[in-house]
Amino acid sequence: MKKFKFSDILKQYEQEGLSGKNKKLVDSWFDQLEQDTTIGKLSEQRKIKIKSKILRDTQDSRVIRLNFRIPAIAASLILLMGLSYLVWYSLEKTDLFFPQSLVEQSTGKTQKVILSDGTIIWLKRESELNYPSRFNGATRNVELQGEALFEVAKDPSHPFIIHCGELTAKVLGTSFNIKSTEQKIEVSVFTGKVSLQTKNQNLVVMPNEKAVYKSAIKSLQKESAGHKEQLTQIQGTEYNMQFDDTPLTNVFRQVESKFNIKISYNKELLGKQRVTADFTDQSLKNTLDMLGQLFSINYTQSGNQVKITN
């Protein structure tokens, strides 16, 4: 009986040292992996990363004993069982995946994504967001490729963490824009503060400041954020919720659109009211609470239905 580490099998595969039948077996397994309902939604670049990580992780994988005297079918089953274990082992360790992960890809235009905690993310064109259907544990983790504007729901006990290439951004509740390319990653802060971390540097970015990470020289530095640049970053989103003598009916309509809700109210009683206020970077609850104080009204919410009462 000859003993092999499972890593030896994939190492031979990586170096194109497997025989025809064995190579077809591993190729077939990787094809099935990519057809998984979760993995199948990922970009080719992400699939390559996962495949590379699986090959790397085999260096620490457990020993699988193969008896090459047993029939080929049995050996194939043992190999597939080992491969299945390795996928579980690798995905448990990797930061590329999150529990019950979902993927959003924006192509032609900015796309709005509302997370389970109420965080709103405006995913810009040609960008990808990886996030969980619901958050578990002490932190809220997402992964971004490309560009997005974040309105993070405030939750001091559960920091919000964005993984973006070689840069990690940590916030408690704030609004900011992240744009990543192969050459650099830019973080422009609108409200609150953002803590940035690379392998060798840490930096805190405040409102109206911008941080730039240059990949070639591994450098993270602050810059001032221009007003025109920030205006460009919010284009195509519903981030700006500032109103100046605006009919309340229009305000309700914009709140409905931003938070994906439906508001019912007495139009005869409230239709003529006008609003001068700034609800930018406010949660739905805060927005409704502020409107309630302005007009002495109450509200109840059930799912995505909001009912305004006197």
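The structure we're discussing is the one just above.
A.B. asks: How do you make sense of the pairing of strand β12 (residues 184–191) when you look at a structure like this?
C.D. replies: For a regular strand, the rule is simple: side chains alternate between the two faces of the sheet. With six of eight residues buried, β12 lies mostly within the body of the structure. Pairing of strand β11 (residues 175–180) with β12 involves six bridges; the strand directions are antiparallel. Bridge pairing in β12 places Phe176 opposite Val189. Where β11 folds back on β12, the antiparallel hairpin that results is connected by three residues.

A.B. asks: Hey, could you run me through the nonpolar core in this one?
C.D. replies: In this structure, Val142, Phe150, Phe160, Ile162, Phe176, Ile178 and Leu196 are the most contacted members of the largest nonpolar core, which totals 29 residues. Other than its neighbours up to four places away in sequence, Phe176 contacts Ala148, Leu149, Phe150, Val152, Ile162, Val171, Val187, Ser188, Val189, Phe190 and Val194. In terms of nonpolar packing, the next biggest core, distinct from the first, is built from 27 residues, Trp122, Phe279, Leu284 and Phe295 among them.

A.B. asks: Can you walk me through the sheet that holds strand β21 (residues 305–309) in this structure?
C.D. replies: Sheet strands pair by backbone hydrogen bonding; their relative direction is either parallel or antiparallel. Reading across the sheet, the three strands line up as β18-β21-β20 and stay open at both edges, with mixed pairing between neighbours. At either end of the open sheet lies a strand with only one pairing partner, and these are β18 (262–264) and β20 (298–302). Put simply, the sheet's adjacent strands are angled 20° from each other on average, direction ignored.

A.B. asks: Explain the packing of helix α6 (residues 248–259) against helix α8 (residues 284–295) here, please?
C.D. replies: The description of two helices packed together rests on the angle between their axes and the distance between the axes. Viewed as axis vectors pointing N to C, α6 and α8 meet at an angle of 165°, and their least axial separation amounts to 11 Å. In terms of orientation, α6 lies roughly antiparallel with respect to α8. Note on packing geometry: the crossing formed by α6 with α8 is left-handed. Here Leu248, Val251, Phe252, Val255 and Phe259 of α6 lie close against α8, whose contacting residues are Leu284, Thr287, Leu291 and Phe295. Residue composition of the contact of α6 with α8, by class: eight nonpolar, one polar and no charged.

A.B. asks: Looking at this model, I keep getting lost on unusual backbone geometry. Mind explaining?
C.D. replies: Residues apart from glycine generally show negative phi values, whereas peptide bonds are mostly found in trans. Located in the positive-phi region is Glu126, a residue other than glycine, with phi close to 60°. Position of Glu126 among the secondary structure elements: in the loop between β5 (120–123) and β6 (127–132). According to the relative accessible area criterion, Glu126 is exposed, its value standing at 59%. For Ser296, which is not a glycine, the phi torsion comes out positive at approximately 55°.

A.B. asks: I'm lost on the pattern of salt bridges in this one. Help?
C.D. replies: A pair can form between side chains of opposite charge whenever their charged atoms are brought close. One pass over the full model with this rule turns up eleven salt bridges. The partner of Lys218 in a salt bridge is Glu166, and the shortest N-O contact between them spans 2.5 Å. Here Lys218, found in the loop between β15 (209–214) and β16 (219–224), pairs with Glu166, found in the loop between β9 (160–164) and β10 (167–171); they are 52 residues apart in sequence, far enough to count as distant. A relative accessible area of 44% means that Lys218 is categorised as partly exposed.

Calculation notes
- Residues numbered from 1 in each chain as written.
- Predicted model: local features only at pLDDT ≥ 70, side-chain atom pairs only at ≥ 80, totals over all residues.
- Heavy atoms only, no water.
- Buried < 20%, exposed > 50% of the residue type's maximum accessible area, 1.4 Å probe, protein only.
- Helix = DSSP H or I, 4+ residues; strand = E, 2+ residues; numbered from the N terminus.
- Pairing = 2+ DSSP bridges.
- Core = buried A, V, L, I, M, F, W, Y, C linked by side-chain atoms within 4.5 Å.
- Contact = heavy atoms within 4.5 Å.
- Axes fitted to C-alpha atoms, helices over the stretch in contact; angles between N-to-C directions.
- Parallel < 35°, antiparallel > 145°, perpendicular 65-115°, else oblique.
- Left-handed = near helix turned anticlockwise from the far one by under 90°.
- Nonpolar A, V, L, I, M, F, W, Y, C, P; charged D, E, K, R; others polar.
- Salt bridge = Lys/Arg side-chain N within 4 Å of Asp/Glu carboxyl O.

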